[in-house]
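One letter stands for each residue in the lines below.
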Amino acid sequence: MLKASAKADILKQIVDVVSTLVDEAKFNVDADGVSLKAVDPAHVAMIELTLGKGAFESYEGEETELGIDIEKLKEILKLAHAGDSVSLEHNEDKNQLIIKIGDVTRRMSLVDTAGMSDPKVPNIELPTTMRLKAEELNYGIKASESVSDHIALVADESSFEMSSEGDSDSVDYRLPKEKLISLEAKGKVRSLFPLDYFSNMARAIAGGSEVKLNLGNNYPVKLEFDIAGGNGHVRYLLAPRVES
Amino acid sequence: MLKASAKADILKQIVDVVSTLVDEAKFNVDADGVSLKAVDPAHVAMIELTLGKGAFESYEGEETELGIDIEKLKEILKLAHAGDSVSLEHNEDKNQLIIKIGDVTRRMSLVDTAGMSDPKVPNIELPTTMRLKAEELNYGIKASESVSDHIALVADESSFEMSSEGDSDSVDYRLPKEKLISLEAKGKVRSLFPLDYFSNMARAIAGGSEVKLNLGNNYPVKLEFDIAGGNGHVRYLLAPRVES
Amino acid sequence: MLKASAKADILKQIVDVVSTLVDEAKFNVDADGVSLKAVDPAHVAMIELTLGKGAFESYEGEETELGIDIEKLKEILKLAHAGDSVSLEHNEDKNQLIIKIGDVTRRMSLVDTAGMSDPKVPNIELPTTMRLKAEELNYGIKASESVSDHIALVADESSFEMSSEGDSDSVDYRLPKEKLISLEAKGKVRSLFPLDYFSNMARAIAGGSEVKLNLGNNYPVKLEFDIAGGNGHVRYLLAPRVES
């Protein structure tokens, strides 16, 4: 059971963050809020999202699963202006989500969640942790785009570097420790990632957000950030491309 | 004979409203102004437009017909800024329209009107009449777009509803009487329309315009609105799709 | 040898002006600045560009040639905001240009200039000279676009005219002498040009720029304008299309 209402902005943010990896997703509902775990079809990236009931204007939930067509929900949310309230109600008999925006009532059929199991999130210890603005990530990605399909993330005690190497060209975006919000590192680590995935993830983070980035040596990268004014949290995990 | 001058804005509005249904159109000119009747190639929709001489800055006209390539005229009017005056003169010998915009003189050959007869406008009595803002129509259309290719218009004494039904999804945009400018109805009426036609018509209405909408039961819908500050008037008629 | 720094705006302007005609170009560097001469692949148009050291924030140069992929440089400059400084350094060993924008270091391999000889600029005397705003040129081009693939430039003692003749339509944009900044002519001249080339050139001129236009009778047209606040100069030459 779900009967809740939230600002359109918050729902749009969730849709942006999830649509980066999957077209359809299973949301787990309970009395405390909504959560989701999903892996992209190529099994390269993973998202964990939690949204506490504090993110909603009103919230009543009992344990259930909602299979949602993310692109369809994105379209529907375009009917809402920035500050509009959107009400969501699960019609269990018809397996529909009833979405109300102003004078519009939109009934959206839910996707069957039978085949959608929650992925197991690997327990990874990553030695290097930093905090930086989403804008910095996106700028480094933009710099790499004309050079290669991959981006290397490199960090040591004094700096974080995003770099790419092409056949004849190269680029380095080097942020000294002072330009990061924080940096904790012991020694140098470096991992290489597919630029398209990393770019899609970074672009889904709202401008102005602070991102926590965890990095290792030829290990996955973890990106974490808050949504819904701190009432929700997103964790992305992206597998490295092992350099030959 | 036609020798006239008008603000570019007014001519652009006419072009927008007519290009919705036809690529070429026959304008009837006389001493009192300009008028047009046209049916779209699929014979699903019709437009009647009248533009009194008061819509022009200067106007001299004698009975004649001008066959105009609407898309070409649209392109030409892009040379004019919002408040520019556009002068129009019919060169009968060459069957050209001479269009002057500032220091530009553009000679546009006219289309042969021999095969373009005025369609007969059916005399239809529609029981339900309402007035509403063009924005409301367009919002209801937007809500329907992700659900179906058709839109049902439904009205009774208390409300006007735009709704669509898809295979698994549905949407209703229900405007209670208080949100309409006016509503006169006896009993419930409902007609179904092709969404693309209805959408093109509604989008051609300038923002902020008041629209008069006439509706019946499995009958055409009539949309009427003023243009050129009340010196012109447009009437759209759209055939219903009969529900099986 | 080149080691210099300039505002991003100035470099973007150069890239815009050169990319109109060629994808790759050879820049000649010496102690006084940078210059370029290039012909488009179809040998219809030519550009001469000079950029004095005064256009740079800092400048050290010795005689050398830099073969630059213009489109790639355009992409790289998108990393810079309007007022950003961009530093350029030629790494002769690796034949790379090292471009620094803020915390980004971008190494771009240079193109082999072996086959890129400087074209000989023909010495042409053109009888008619005028000065006008870039906007006027672009407006006349816009007016011609829906009529023909060619544009005729016509001038006499009293006016400058841009006109096009199609199968059934025609357009004239006639600027009387008073609407030009200056006009020096003896008798009437007229030359016809391919509209796409003329349009690309005119569009590359920054808004607000004053353009000097030299015209003859079935002769090339010369367009000249300053860049980099008068520290640089561009000369375009476009061959006429001889009318049959």
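Parameters at a glance
- Residues numbered from 1 in each chain as written.
- Chains lettered and ligands numbered in written order.
- Predicted model: local features only at pLDDT ≥ 70, side-chain atom pairs only at ≥ 80, totals over all residues.
- Heavy atoms only, no water.
- Pairing = 2+ DSSP bridges.
- Helix = DSSP H or I, 4+ residues; strand = E, 2+ residues; numbered from the N terminus.
- Phe/Tyr/Trp six-rings, centres within 6.5 Å; stacked < 30°, edge-to-face > 60°.
- Buried < 20%, exposed > 50% of the residue type's maximum accessible area, 1.4 Å probe, protein only.
- Least-squares fit on C-alpha atoms with pLDDT ≥ 70 in both.
- Contact = heavy atoms within 4.5 Å.
- Buried area = accessible area lost by both parts, 1.4 Å probe.
- Salt bridge = Lys/Arg side-chain N within 4 Å of Asp/Glu carboxyl O.
- Polar contact = N/O pair within 3.5 Å; in protein donor to acceptor, adjacent residues only side chain to side chain.
- Nonpolar A, V, L, I, M, F, W, Y, C, P; charged D, E, K, R; others polar.
- Domains from an automatic or database assignment.

### Quick notes on the pairing of strand β7 (residues 85-91) of chain A
Residues and elements named next belong to chain A. Taken together, the five bridges between strand β1 (residues 2-7) and β7 define a ladder with antiparallel strand orientation. Residue pairing for β7: Ala-4 is matched across the bridge by Leu-88. Pairing of β7 with strand β8 (residues 96-101), which is carried by six bridges, proceeds in the antiparallel orientation. Paired with Val-86 across the two strands is Ile-101, which belongs to β8. In sequence, β7 turns back onto β8 through a hairpin of four residues, with Asn-95 there showing a positive phi of about 45 degrees.

### Brief notes about the packing of aromatic side chains
All names here are of chain A. Applying the stated rule across the entire model yields twelve aromatic pairs over all chains. Seen in terms of ring centroids, Phe-193 and Phe-198 are 6.4 Å apart; in terms of plane orientation they differ by 20 degrees. Their pairing is stacked. Exposure class is identical for Phe-193 and Phe-198. Each is buried.

### A look at the relation of the copies chain C and chain B
When chain C is fitted onto chain B, the two copies agree to an RMSD of 0.0 Å after a turn of 120 degrees and an axial shift of 0.1 Å. Seen this way, the second copy is the image of the first under a three-fold rotation axis.

### Concerning the interface of chain C and chain B
Each partner contributes to the interface: chain C provides 15 residues, whereas chain B provides 13 residues. Counting the surface chain C buries against chain B, the share from its top three residues, C:Tyr139, C:Asp169 and C:Ser170, is 38%. The closest approach of N and O atoms between C:Asp169 and B:Lys72, which form a salt bridge, is 2.9 Å. At the surface where chain C touches chain B, the tally comes to twelve residue pairs in polar contact (both at pLDDT 80 or more).

### Focus: the pattern of salt bridges
Taken as a whole, this structure holds 33 salt bridges over all chains when the rule is applied. Among the ionic pairs, C:Glu65 bridges to C:Lys26, the shortest N-O distance being 3.6 Å. Of this pair, C:Glu65 sits in strand β6 (residues 64-69) while C:Lys26 sits in strand β2 (residues 24-30), and the two are 39 residues apart along the sequence. Looking at C:Lys26, the relative accessible area reads 7%, which means it is buried. Counted as one network, the salt bridges with shared partners bring together A:Glu48, A:Lys212, A:Glu224 and A:Arg235.

### What about the interface of chain A and chain B?
Contact residues are listed per partner, giving twelve residues for chain A and 15 residues for chain B. Summing the contributions of chain A and of chain B, the shared interface buries around 1200 Å²; its carbon and sulfur component is 42%. Per-residue buried area on chain A facing chain B is highest for A:Leu79, A:Asp103 and A:Arg106; these three make up 49% of the total on that side. Scanning the region where chain A abuts chain B turns up three salt bridges. Applying the counting rule to chain A against chain B returns twelve residue pairs in polar contact (both at pLDDT 80 or more). Contributions of two or more residues to the side of chain A that touches chain B are made by β8 and β9 (104-109) of chain A. A breakdown of the residues in the side of chain A that touches chain B according to their chemical character gives four nonpolar, three polar and five charged.

### Focus on the domain arrangement of chain A
Residues and elements named next belong to chain A. Along its sequence, chain A is organised into domain 1 (2-109) and domain 2 (128-238). Taking only C-alpha atoms into account, the centre of domain 1 sits 28 Å from that of domain 2. At the junction of the two partners, domain 1 supplies 20 residues and domain 2 supplies 18 residues. With both chains or domains summed, domain 1 and domain 2 bury close to 1500 Å², and 60% of this area falls on carbon and sulfur atoms. Contact with domain 2 buries area across many residues of domain 1, yet Gln-13, Val-17 and Glu-48 alone supply 32% of it, more than any other trio. Close ionic contact of Glu-48 with Arg-235 constitutes a salt bridge, the shortest N to O distance being 3.0 Å. For the side of domain 1 that touches domain 2, the secondary structure elements donating two or more residues are α1 (8-19) and β4 (45-52). In terms of residue count, β4 provides more of the side of domain 1 that touches domain 2 than any other element does, eight residues in total. Here the residues of the side of domain 1 that touches domain 2 are counted per class, giving twelve nonpolar, five polar and three charged.

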